[in-house]
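Chain by chain, the residues:
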Amino acid sequence: MVGIKLHGAYIPVLRMPRKVFSEIWGGRAEAGERSVANHDEDAITMAVAAARNCLSGQATPAVGGLFLATTTAPYLEKLNSSLVAAATNLGIDLMTMDCANSLRGVVTALRAALATVDSGAAPNILVAAADCRMGYPKSDQEQMFGDGAAAVLVDSQDLVAAYRGGCSVSSEMMDVWRREEDEFVHTWEGRFITQKGYVEHMQRAVSGLLTQQGLEANAIAKFVLTAPDPRALKALTSSLGLPADKLEDHLLAQVGDCGAAHPLILLVAALEKASPGDLILLAAHGDGAEAMLFEATERAGAPQAGTSVADYLAHKIPFHSYGKFLSYKGVFEAVPGEPFRLMPSASVTWRDRDSIFRCHGSRCTDCGVVAFPVQRICPSCGSKDAFQHQPLGHLQGEVFTFTLDNLAGRSDDPVVVQTVAELGQDKIRFYGLMTDCIPAQVTVGMPVELTFRRFYDGAGMHNYFWKLKPVMGLLERQK
């Protein structure tokens, strides 16, 4: 028996009320708000955050592979999943695969992972999905899209949900698409997208799976159904005759449509609330549709070490600047920023990859002092090459000292919180930038944790490193 052993999601802290878009462009505002990836976030950093959340509490995550699903991969020719695996501090003897270019790529990746584990080719597979798509300015998609990520560990032991079966529908059509040279998502006429591109495909996949399993709709505890907007979902549920209490909250009003990540975010939310024996039907669309059936085990509903979807929904910073939104999304750069920029080197990045991507420090085997990044010479006792690698990415700590730098930031976010933190019981000194914070609220002693973020582009490469951010829940306690 195979299924899901661990699960976790990630939703960026910035939330933009949809009325901001109508105030800029006029017209009607959709209800609620949408999540917005910070200027140092992309599909890779969000996938790392979800993967780390999924594996929280695992002393040494022994993972046989990582499959990544996204339509907004930062690299078009390079394995994005290998970078996610490194930043999640997985081993190097594992399978990695990118499932790109499809909104339902995550269910394809999930079914591939289930088949791989079931065949015995790998003991388990971590499936991650993340997206941050852009709709045309003034379009409905600009309001309805959201940014987010999720991850699940597929295994054959200690499952929270066992896999029962799936049904796929494939259809070639131009309803929603984006070409290699496109910055924004193209869409066809709304009624055509809803009826032909969404309702008919999803209805066929869901009905086909129920027939295959010999089940009636009332046997399903929760239907986890993705949708481009609430009206499309209402049309689908009406055609299937599903009552409202059978539907998992679509999160469109709180987060938005998170693209390839959305099916997995909704599944994680459903699993967090599931009871033993519950049947959960997941369905996602995109050039057809795919439906999957899971049965919650006796471990369902038990709290996991990571952060829940509900906690992420509560943990937010209001974001009201449309200009910053466009700048964060890379539509334009108001004024060239980050003046103190050094060009990267592929060879140096490779040589220091354990510190840069895996957040490894070095523990001196003579005196026990830990330093970051990895140091050949111990800064305490002077020993040479007498050290062991020490992972630091999971540690929390406190701000030791900081300064608000008004010169080193971006033009759209000029204040940089230069921070020195002390991490873990060893009080390891870590110098880094603070993100996902309100600069005026940063104080000495503030609890912080590490997060993997994108810094800047140079020499044709994206540059990633670790930053500090306030510990989850701190914003809520400060309000």
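All of these numbers come straight from a predicted model, not from anything done at the bench.

Describing the overall build of the protein
Right, on to step 1. Scanning the protein for helices and strands turns up 13 helices and 22 strands.
Right, on to step 2. Once the C-alpha set of the protein is aligned to its principal axes, its extents read approximately 70 × 55 × 45 Å.
Right, on to step 3. Counting the 479 residues in the protein, one finds 55% classified as buried.
Right, on to step 4. Taking the intrachain contacts of the protein between residues at least 6 apart in sequence as the baseline, contacts between residues at least 24 apart amount to 70%.
Right, on to step 5. Looking at the protein, you have 43 positive and 53 negative side-chain charges, and the mean spots of the two groups are 2 Å apart.

A short note on the side chain of Thr116
Right, on to step 1. For Thr116, the location among the structural elements is in helix H4 (residues 105-119).
Right, on to step 2. In this view, Thr116 contacts Phe67, Met95, Ala121, Ala122 and Ile125; residues no more than four positions away in its chain are not counted.

Looking at the packing of helix H2 (residues 43-54) against helix H3 (residues 80-87)
Right, on to step 1. Between H2 and H3, the shortest axis-to-axis distance is 9 Å and the interhelical angle comes to 45°. Between H2 and H3, the interaxial angle falls into the category oblique. Both H2 and H3 take part in a crossing whose hand is right-handed. Touching Ile44, Ala47, Val48 and Arg52 of H2 are Asn80, Leu83, Val84 and Ala87, all from H3.
Right, on to step 2. A class-by-class count of the residues in the contact of H2 with H3 yields six nonpolar, one polar and one charged.

What to know about the packing of aromatic side chains
Right, on to step 1. Applying the stated criterion to the full structure yields 14 aromatic pairs.
Right, on to step 2. Each ring, one from Tyr163 and one from Phe294, has its centre 5.7 Å from the other, and the planes form 50°; the classification is tilted. One end of the pair, Tyr163, is in strand E8 (residues 161-170); the other, Phe294, is in strand E13 (residues 288-296), with 131 residues separating them in the sequence.
Right, on to step 3. Ring geometry for Phe357 and Phe452: centres 6.5 Å apart, planes at 65°, overall edge-to-face. In this pair, Phe357 is assigned in the loop between helix H12 (353-356) and strand E15 (360-364) and Phe452 in strand E21 (residues 447-458), connecting sequence segments 95 residues apart. Like Phe452, Phe357 is buried.

Cut-offs used in this document
- Residues numbered from 1 in each chain as written.
- Predicted model: local features only at pLDDT ≥ 70, side-chain atom pairs only at ≥ 80, totals over all residues.
- Heavy atoms only, no water.
- Helix = DSSP H or I, 4+ residues; strand = E, 2+ residues; numbered from the N terminus.
- Buried < 20%, exposed > 50% of the residue type's maximum accessible area, 1.4 Å probe, protein only.
- Contact = heavy atoms within 4.5 Å.
- Lys, Arg positive; Asp, Glu negative; His and termini not counted.
- Charge placed at Lys NZ, Arg CZ, Asp CG, Glu CD.
- Axes fitted to C-alpha atoms, helices over the stretch in contact; angles between N-to-C directions.
- Parallel < 35°, antiparallel > 145°, perpendicular 65-115°, else oblique.
- Left-handed = near helix turned anticlockwise from the far one by under 90°.
- Nonpolar A, V, L, I, M, F, W, Y, C, P; charged D, E, K, R; others polar.
- Phe/Tyr/Trp six-rings, centres within 6.5 Å; stacked < 30°, edge-to-face > 60°.

None of the figures reported here should be taken as evidence of function without further support.
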